[in-house]
Amino acid sequence: MFAVDHAATALLVKRRYPSARLAPILVSVQAMELGWVALNYLGVERTTTDAVVHSVADIHLAYMPYSHSVGTAIGAAVLAWLLLEKGFGRAALGRAVGIGIVSHLILDLATHGRDIVLWPGLSTPRLGLGLYEAAPVAAFVVEFIYGIVCWYVYRGGLGLLTLICLGNLANLSFLSPAIPGPEEYLAGRPLLLVTVIFVQIVVTLVLAGMLAPDDPASTARRLSPVLAR
Ligand SMILES: [Zn+2]
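Each chain carries its own residue numbering, running from 1 in the direction its sequence is written. Totals for whole chains, interfaces and linings use all residues, but because this is a predicted model, local features are given only for residues with pLDDT of at least 70 and pairs of side-chain atoms are given and counted only at 80 or more. The side-chain figures draw on all heavy atoms in the structure; neither hydrogens nor water molecules are used.

Peer 1: Could you give an account of helix α4 (residues 70-87), naming the residues involved and the relevant values?
Peer 2: Numbering of helices and strands runs from the N terminus, with a helix taken as a DSSP run of H or I at least four residues long and a strand as a DSSP run of E at least two residues long. The span expected for a helix works out to 1.5 Å for each residue beyond the first. Helix length check: α4 (18 residues) gives 24 Å between terminal C-alpha atoms against 26 Å at 1.5 Å per residue, within 8%. Each residue is assigned to one of three classes by its accessible area relative to the maximum for its type, calculated with a 1.4 Å probe on protein chains only: buried under 20%, partly exposed between the two thresholds, exposed over 50%. Every buried residue belonging to α4 is among V70, G71, A73, A77, A80, L84 and E85, and all of these are buried. A positive backbone phi angle near 70° is found at G89, which sits one or two residues after α4.

Peer 1: Could you give an account of the packing of helix α7 (residues 136-154) against helix α8 (residues 158-169), naming the residues involved and the relevant values?
Peer 2: Axes here mean lines fitted to C-alpha atoms, for a helix over just the part in contact, with angles spanning 0 to 180 degrees between N-to-C directions. For the pair α7 and α8, the least separation of the axes is 10 Å and the interaxial angle reads 170°. Considering the angle they form, α7 stands roughly antiparallel to α8. When α7 is examined against α8, the residues F140, E143, F144, G147, I148, W151 and Y154 are found in contact with a partner set consisting of L160, L161, I164, C165, N168 and L169. Amino acids outside the nonpolar list (Ala, Val, Leu, Ile, Met, Phe, Trp, Tyr, Cys, Pro) and the charged list (Asp, Glu, Lys, Arg) are all regarded as polar, and Gly is one of them. Its residues assigned to classes, the contact of α7 with α8 shows ten nonpolar, two polar and one charged. Relative orientations are named as follows: roughly parallel for angles under 35 degrees, roughly antiparallel for angles over 145 degrees, roughly perpendicular for angles from 65 to 115 degrees, and oblique for any other angle. Throughout, a residue-residue contact means that at least one pair of heavy atoms, one from each residue, lies within 4.5 Å.

Peer 1: Could you give an account of a nonpolar patch on the surface, with specific residues and numbers?
Peer 2: The patch calculation keeps residues exceeding 30% relative accessible area without a salt bridge and links them within 9 Å when they carry like charges or within 5 Å when they are nonpolar (Val, Leu, Ile, Met, Phe, Trp, Tyr). Per-residue accessibility takes into account occlusion by the displayed protein chains alone, with areas from the Shrake-Rupley method and a 1.4 Å probe. Whenever a carboxyl oxygen of Asp or Glu lies within 4 Å of a side-chain nitrogen of Lys or Arg, that contact is scored as a salt bridge. A contiguous nonpolar surface patch, about 830 Å² in accessible area, is contributed by Y41, L191, F198, V199, V202, V203, V206, L207, M210 and L211. Looking at the nonpolar patch element by element, the count peaks at nine residues for helix α10 (residues 190-211). Summarising the element assignment, F198 is placed in helix α10.

Peer 1: I'd like to hear about the packing of aromatic side chains, residue by residue, with values.
Peer 2: Between the rings of Phe, Tyr and Trp (Trp by its six-membered ring), a pair exists once the centres lie within 6.5 Å; its type follows the angle of the planes, with under 30 degrees stacked, over 60 edge-to-face, and the other angles tilted. Overall, the coordinates contain three aromatic pairs when judged by the stated rule. Ring geometry for F140 versus F144: centroids 5.7 Å apart, planes at 85°, classification edge-to-face. Linking F140 with F144, this pair stays in helix α7, spanning four residues, or about one helical turn. This pair shows no difference in class: F140 is buried, exactly as F144 is.

Function-wise, these values are silent; they only describe arrangement.
In structure tokens:
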């Protein structure tokens, strides 16, 4: 799933746990991708492209067993939850961050080609429903609708809706082989692709954090004892 829609997932989690701060939830939904960026730069994980790139189907997440495996995602989520809830007594934050981390795995499983393993070291089975490869335009529509649903559930403002719409539209050429776009320059340059995705992650997380302040309802609840005095 693309960066803006992972960021939108943080809105759903925030709605469920209104007392948890949004910033750590935003980081949690992209924790796996940030790990992927770091491990690609370090040469531990590997991304390849076809000689010509027309869409995301020509980009291959060839080796990413540490950042994107079922085991490491669930392990990291449980660890974060235990640390925050049992270690620091922050129950809502611990659950929100744990769910945020696992949400990335679930959304990637729904959209990616078969590139997610169960555990580092296990080369099969490779999981992923393959929407990007089999029906990239359908993936675009599904992701767009998903982002809007997140915004609607969160009851976000116009700025947030604009971010989700523009963030999804920016990915259209990546998901449609018929529409030319900047992805053509990524052929043979996997680390440039990693950098583009890293910039997308940072920009969408920062903008989502700015445009989605604390839930108004929870702010009102927190202020009510003060106002009642
Ligand atoms: Zn991912």
